[in-house]
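Below are the chains, spelled out letter by letter.
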Amino acid sequence: MKDKLNLITDAFHVAGIDNKNVEFSITEYSLNSKLSFKFNNINELLLFLDVLPTSEKGKVVNAKFVESGIDPEKFFYVNFFKPKINEL
């Protein structure tokens with residue numbers, strides 16, 4: 001598990017992304033990008049994001065599973081991307 005998290009952290013570093021501000025989608029399949037990773041369950045994802053399940057961000061993550069209709073206790077893919085910046 002730790003090796004997997006290090007691999008993701010390294011990919012974020014290369015892409016110039018901070019895991020505290022990253023945006024993501026949850027799907028049943030990989031988008032085959034350098035920032036698409038498989039997680040075995042929601043607890044792995046929350047551990048990587050350093051988020052407690054009962055925190056506001058934890059509730060947002062849980063809501064993404066409900067929106068997507070994906071079982072958070074089975075494997076899924078998380079497709080990370082840089083936060084969108086609104087231009088005026």
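Details of the structure are given in the entry above.
Residues numbered from 1 in each chain as written. Predicted model: local features only at pLDDT ≥ 70, side-chain atom pairs only at ≥ 80, totals over all residues. Heavy atoms only, no water.

Undergrad: Would you take a moment to explain the overall build of the protein for this structure?
TA: A count of helices and strands for the protein gives 3 helices and 3 strands. Start at the N end of the protein and walk to the C end: the helices and strands fall as α-β-β-α-α-β. On C-alpha atoms alone, the protein measures out to a radius of gyration of 13 Å, which is about the 12 Å that the 2.2 N^0.38 rule sets for 88 residues. Taken over the C-alpha atoms alone, the protein extends approximately 35 × 35 × 25 Å along its principal axes. Sequence-distant contacts, at least 24 apart, represent 78% of the contacts inside the protein between residues at least 6 apart. Carbon and sulfur atoms make up 54% of the accessible area of the protein, which amounts to about 6000 Å² in all. For the protein, the centre of its 11 positive side-chain charges and the centre of its 12 negative side-chain charges are spaced 2 Å apart. (Helix = DSSP H or I, 4+ residues; strand = E, 2+ residues; numbered from the N terminus. Rg over C-alpha atoms; globule rule 2.2 N^0.38 Å. Contact = heavy atoms within 4.5 Å. Areas by Shrake-Rupley, 256 points an atom, 1.4 Å probe, with all protein chains shown as cover. Lys, Arg positive; Asp, Glu negative; His and termini not counted. Charge placed at Lys NZ, Arg CZ, Asp CG, Glu CD.)

Undergrad: Is there a simple way to explain the sheet that holds strand β1 (residues 23–27) in this structure?
TA: Neighbouring strands of a sheet are bound in pairs by backbone hydrogen bonds; such pairs are parallel or else antiparallel. Pairing in this open sheet of 3 strands is antiparallel, and the strands run β1-β3-β2 from one edge to the other. Since the sheet does not close on itself, it has two edges, and those belong to β1 and β2 (36–39), each with one partner. Here the average twist between neighbouring strands, direction ignored, is 30°. Bridge analysis of β1 against strand β3 (residues 76–81) gives 5 bridges, and the strand direction is antiparallel. (Pairing = 2+ DSSP bridges. Axes fitted to C-alpha atoms, helices over the stretch in contact; angles between N-to-C directions.)

Undergrad: Please explain the packing of aromatic side chains as it appears in this structure.
TA: Each aromatic ring pair is described using two quantities: the centre-to-centre distance and the angle formed by the ring planes. Inspection of the entire model under this criterion finds 10 aromatic pairs. When the centroid spacing of 6.4 Å and the interplanar angle of 70° are considered together, the rings of Phe39 and Phe80 count as edge-to-face. Of this pair, Phe39 sits in strand β2 while Phe80 sits in strand β3, and the two are 41 residues apart along the sequence. The exposure class assigned to Phe80 is buried, which follows from its relative accessible area of 5%. One aromatic cluster is present, formed by Phe12, Phe24, Phe37, Phe39, Phe48, Phe65, Phe76 and Phe80 through successive ring pairs. The ring of Phe75 carries Lys38 above its face, with NZ or CZ at 4.3 Å from the centroid. Residue placement shows Lys64 over the ring face of Phe24; its charged tip is 4.9 Å from the ring centre. (Phe/Tyr/Trp six-rings, centres within 6.5 Å; stacked < 30°, edge-to-face > 60°. Buried < 20%, exposed > 50% of the residue type's maximum accessible area, 1.4 Å probe, protein only. Lys NZ or Arg CZ within 6 Å of the ring centre and 35° of its normal.)

Undergrad: So what exactly am I meant to see when it comes to the pattern of salt bridges here?
TA: Side chains carrying opposite charge are able to pair once their charged atoms draw close together. Going through the model one piece at a time under the given rule, you end up with 1 salt bridge. Lys59 serves as the salt-bridge partner of Glu56, at 3.9 Å between the closest nitrogen and oxygen. Here Glu56 and its partner Lys59 are both found in helix α3 (residues 56–68), 3 residues apart, which amounts to about one turn of the helix. (Salt bridge = Lys/Arg side-chain N within 4 Å of Asp/Glu carboxyl O.)

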